[in-house]
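Letter by letter, the chains look like this.
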Amino acid sequence: MRAHHIMTKDVVSVTPHTTIEEAAKIMLQMHISGLPVIDDAGNLVGMVSESDFLRRSEIGTGRRHAAWLKFFMGPGRAAAEFVHERGRKVEDVMTKQVVAVQEDTGLAELVDLMEKNDIKRVPVLRGKAPVGIVTRTNMLQAVASLVHEIPDPTADDEHIRERITRAVNATDWRPIGFEVNVREGVVHLHGLITTDEARQAAIVAAENTSGVKKVHDHLCLVDTYSGFYVESPDDMKAAG
């Protein structure tokens, strides 16, 4: 999947000359937390978001620095903060260095950018002009719409067993003596593990295999130093 598959297309935007008041009202009325800023040619020149309104003189949240820190900041930094806290137009507060992607950007790259830059939204461009925006909500919607079981005509018990075995044995955390038994889509996992994370990973591998209806965990947790082992929570529950 690519950015254009999941992006919101009808994007509300503002210009650098839009007033702070108007931008804030748009965000409240549209229930959105950020707006692309476009110039007269329709090109993306910035982003304005809720965080840009946190430090404002109107609500008494302007920054207060100790005298010694002001000395090291210099007049340029102080002047920039003054503009940000008291400016009347979007251009005074917007983020100018915007992280953006093109329509055909893959979702893996897009997510990497969001995580690396700690941002919640990424404008999608066609050339320099915005044609959409991808937010974390869009990602959630994509997961909700795609994570479902797709019928597989080859998902019989033997194919299920082979696929789970192959998937788990290809990992670094594979259980010792790993075995999979399947009957009518119900999977039983056997083997020895050294961490609970390996247990969860094996269960997830089975759950993500087409045709699986239910997974029973029989993996025993072994202490690598003492050799002491503990039965799986499922087996202990059944025995109790």
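Thresholds, definitions, all that
Residues numbered from 1 in each chain as written. Predicted model: local features only at pLDDT ≥ 70, side-chain atom pairs only at ≥ 80, totals over all residues. Heavy atoms only, no water. UniProt positions renumbered as here; feature names shortened; annotations may be inferred. Helix = DSSP H or I, 4+ residues; strand = E, 2+ residues; numbered from the N terminus. Pairing = 2+ DSSP bridges. pLDDT = per-residue confidence, 0-100. Expected span 1.5 Å × (residues − 1). Contact = heavy atoms within 4.5 Å. Buried < 20%, exposed > 50% of the residue type's maximum accessible area, 1.4 Å probe, protein only. Lys, Arg positive; Asp, Glu negative; His and termini not counted. Salt bridge = Lys/Arg side-chain N within 4 Å of Asp/Glu carboxyl O. Domains from an automatic or database assignment. Core = buried A, V, L, I, M, F, W, Y, C linked by side-chain atoms within 4.5 Å.

(A) Broad picture of the UniProt feature "domain: BON" (unreviewed entry) in the protein. UniProt marks residues 156-223 with the feature "domain: BON" (unreviewed entry), using the numbering shown here. Secondary structure content for residues 156-223 is 37% helix and 37% strand, while the C-alpha to C-alpha distance between its ends is 36 Å.

(B) Region of interest: the sheet that holds strand β4 (residues 121-126). If you walk across this open sheet you meet the three strands as β3-β4-β5, and the pairing is mixed. The outermost strands of the open sheet, each flanked by one partner alone, are β3 (101-102) and β5 (129-135). Alignment of β3 against β4, held across two bridges, turns out to be parallel. Note on β4: the bridge partner recorded for Q102 is L125.

(C) Structural detail: the confidence of the model for the protein. Per-residue pLDDT for the protein averages 88, and the proportion of residues at 70 or more is 92%. Averaged pLDDT values over the elements of the protein bottom out at 71 in helix α3 (residues 67-86) and peak at 96 in β3.

(D) Spatial organisation of helix α8 (residues 196-207). For α8, spanning 12 residues, the distance from its first C-alpha to its last is 17 Å, which sits close to the expected 16 Å at 1.5 Å a residue. Against the buried residues of α8 lie α7 (157-169), β7 (186-193), β8 (214-222) and α9 (233-239).

(E) Summary view of the side chain of R121. Structurally, R121 is set in strand β4. Buried charge without a partner: R121 forms no salt bridge, and the closest opposite charge is E50, 5.5 Å away. Contacts of R121, omitting those with residues within four sequence positions, involve S33, G34, M47, S49, M114, I133, V134 and T135.

(F) Structural context of the environment of W173. Within the fold, W173 resides in the loop between α7 and β6 (176-183). W173 gets classed as partly exposed once you look at its relative accessible area, which sits at 32%. Between the alpha carbons of W173 and A198 there is a distance of 5.9 Å; along the sequence they are 25 residues apart. Among residues more than four places away in sequence, those in contact with W173 are V168, A198, A201 and A202.

(G) Structural context of the domain arrangement of the protein. Domain boundaries in the protein define domain 1 (3-146) and domain 2 (157-239). Placing the centre of domain 1 and that of domain 2 at their C-alpha centroids yields a distance of 46 Å.

(H) Spatial organisation of the nonpolar core. I164, F178, V180, V187, L189 and V215 are the most contacted members of the largest nonpolar core, which has 17 residues in total. Where this core is concerned, the elements lending two or more residues are α7, β6, β7, α8 and β8. Examining the composition of this core, we find that five residues originate from one element, α8, more than from any other. When residues no more than four places from it in sequence are discounted, the contact partners of V180 are R161, I164, T165, V187, H188 and L189.

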